[in-house]
Amino acid sequence: MTVLSWALLVILLLSSAILILMVLLHKGKGGGLSSMFGGGMSSVASGSTVAEKNLTRITIAVGIIWFACIIAFGLIMRAMV
């Protein structure tokens, strides 16, 4: 494995862990699994806050980085075979 593939692997592992944490930080919207664990009870403020919007934007950005790393790592591994 080359240095580039190792770097992509490290970025992939870090972005995976960050993406899991970001998804877990989101507020439940009611229904589904989030309400089963108590997320549906706190629907007092129905409006979206600035922090929630920023969390969504950061989650999308990390998801794009994760997806790009998956594609790039797959292409590098395919080229090595």
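Residues numbered from 1 in each chain as written. Predicted model: local features only at pLDDT ≥ 70, side-chain atom pairs only at ≥ 80, totals over all residues. Heavy atoms only, no water.

**Q** Would you take a moment to explain the overall build of the protein chain for this structure?
**A** Looking only at helices and strands, the protein chain has three helices and zero strands in total. The order of helices and strands in the protein chain, counted from the N terminus, is α-α-α. Among the 81 residues that make up the protein chain, the fraction classed as buried is 17%. Sequence separation of at least 24 residues holds for 82% of the intrachain contacts in the protein chain that already meet a minimum separation of 6. As displayed, the protein chain offers around 6,100 Å² of accessible surface, 77% of which is attributable to carbon and sulfur atoms. (Helix = DSSP H or I, 4+ residues; strand = E, 2+ residues; numbered from the N terminus. Buried < 20%, exposed > 50% of the residue type's maximum accessible area, 1.4 Å probe, protein only. Contact = heavy atoms within 4.5 Å. Areas by Shrake-Rupley, 256 points an atom, 1.4 Å probe, with all protein chains shown as cover.)

**Q** Honestly, the nonpolar core in this entry has me stumped. Any pointers?
**A** Nonpolar side chains tend toward joint burial in soluble globular proteins. Core analysis: the largest hydrophobic core is formed by five residues, namely Leu8, Leu12, Cys69, Phe73 and Ile76. Elements supplying a minimum of two residues to this core: α1 (3–25) and α3 (50–80). Broken down by element, this core gets its largest block of residues, three residues, from α3. (Core = buried A, V, L, I, M, F, W, Y, C linked by side-chain atoms within 4.5 Å.)

**Q** I would appreciate a short explanation of α1 in the present structure.
**A** Structurally, the α-helix is built with 3.6 residues per turn, so residues lying three or four positions apart point the same way. The first and last C-alpha atoms of α1 sit 33 Å apart over 23 residues, in line with the 33 Å expected at 1.5 Å per residue. Taken residue by residue, α1 has Ser5, Leu8, Leu12, Ser15, Leu19 and Met22 as its buried positions. (Expected span 1.5 Å × (residues − 1).)

**Q** Explanation requested: α3 in the structure shown.
**A** When the terminal C-alpha atoms of α3 are compared, their 45 Å separation across 31 residues agrees well with the 45 Å that a helix rising 1.5 Å per residue should span. Of the positions making up α3, those classed as buried are Glu52, Leu55, Thr59, Val62, Gly63, Cys69, Phe73 and Ile76. Against α1 lie the buried residues of α3.

**Q** Got a minute to help me understand the environment of His26 in this structure?
**A** Along the chain, His26 turns up in the loop between α1 and α2 (32–36). In the structure, His26 is positioned 33 residues away from Thr59 in sequence and 9.4 Å away in space, judged by C-alpha atoms. When near neighbours in sequence (up to four residues on either side) are disregarded, His26 contacts Glu52, Leu55, Thr56 and Thr59. Side-chain polar atoms of His26 contact the side chain of Glu52, separated by 3.2 Å. (Polar contact = N/O pair within 3.5 Å; in protein donor to acceptor, adjacent residues only side chain to side chain.)

**Q** So what exactly am I meant to see when it comes to the packing of α1 against α3 here?
**A** Each packed pair of helices is defined by two parameters, the angle between the axes and the distance between the axes. In the contact formed by α1 and α3, the axes pass within 9 Å of each other and the chain directions differ by 150°. Between α1 and α3, the crossing angle belongs to the class labelled roughly antiparallel. When the axes of α1 and α3 are compared, the crossing they make is left-handed. Its residues assigned to classes, the contact of α1 with α3 shows 21 nonpolar, five polar and no charged. (Axes fitted to C-alpha atoms, helices over the stretch in contact; angles between N-to-C directions. Parallel < 35°, antiparallel > 145°, perpendicular 65-115°, else oblique. Left-handed = near helix turned anticlockwise from the far one by under 90°. Nonpolar A, V, L, I, M, F, W, Y, C, P; charged D, E, K, R; others polar.)

**Q** What am I meant to see in a nonpolar patch on the surface here?
**A** There is a patch of nonpolar side chains on the surface, built from Trp66, Phe67, Ile70, Ile71 and Leu75 and spanning about 470 Å² of accessible area. The residue Ile70 is located in helix α3 in this model. (Patch = residues over 30% accessible without salt bridge, like charges linked within 9 Å, V, L, I, M, F, W, Y side chains within 5 Å. Salt bridge = Lys/Arg side-chain N within 4 Å of Asp/Glu carboxyl O.)

In short, geometric facts, not functional conclusions.
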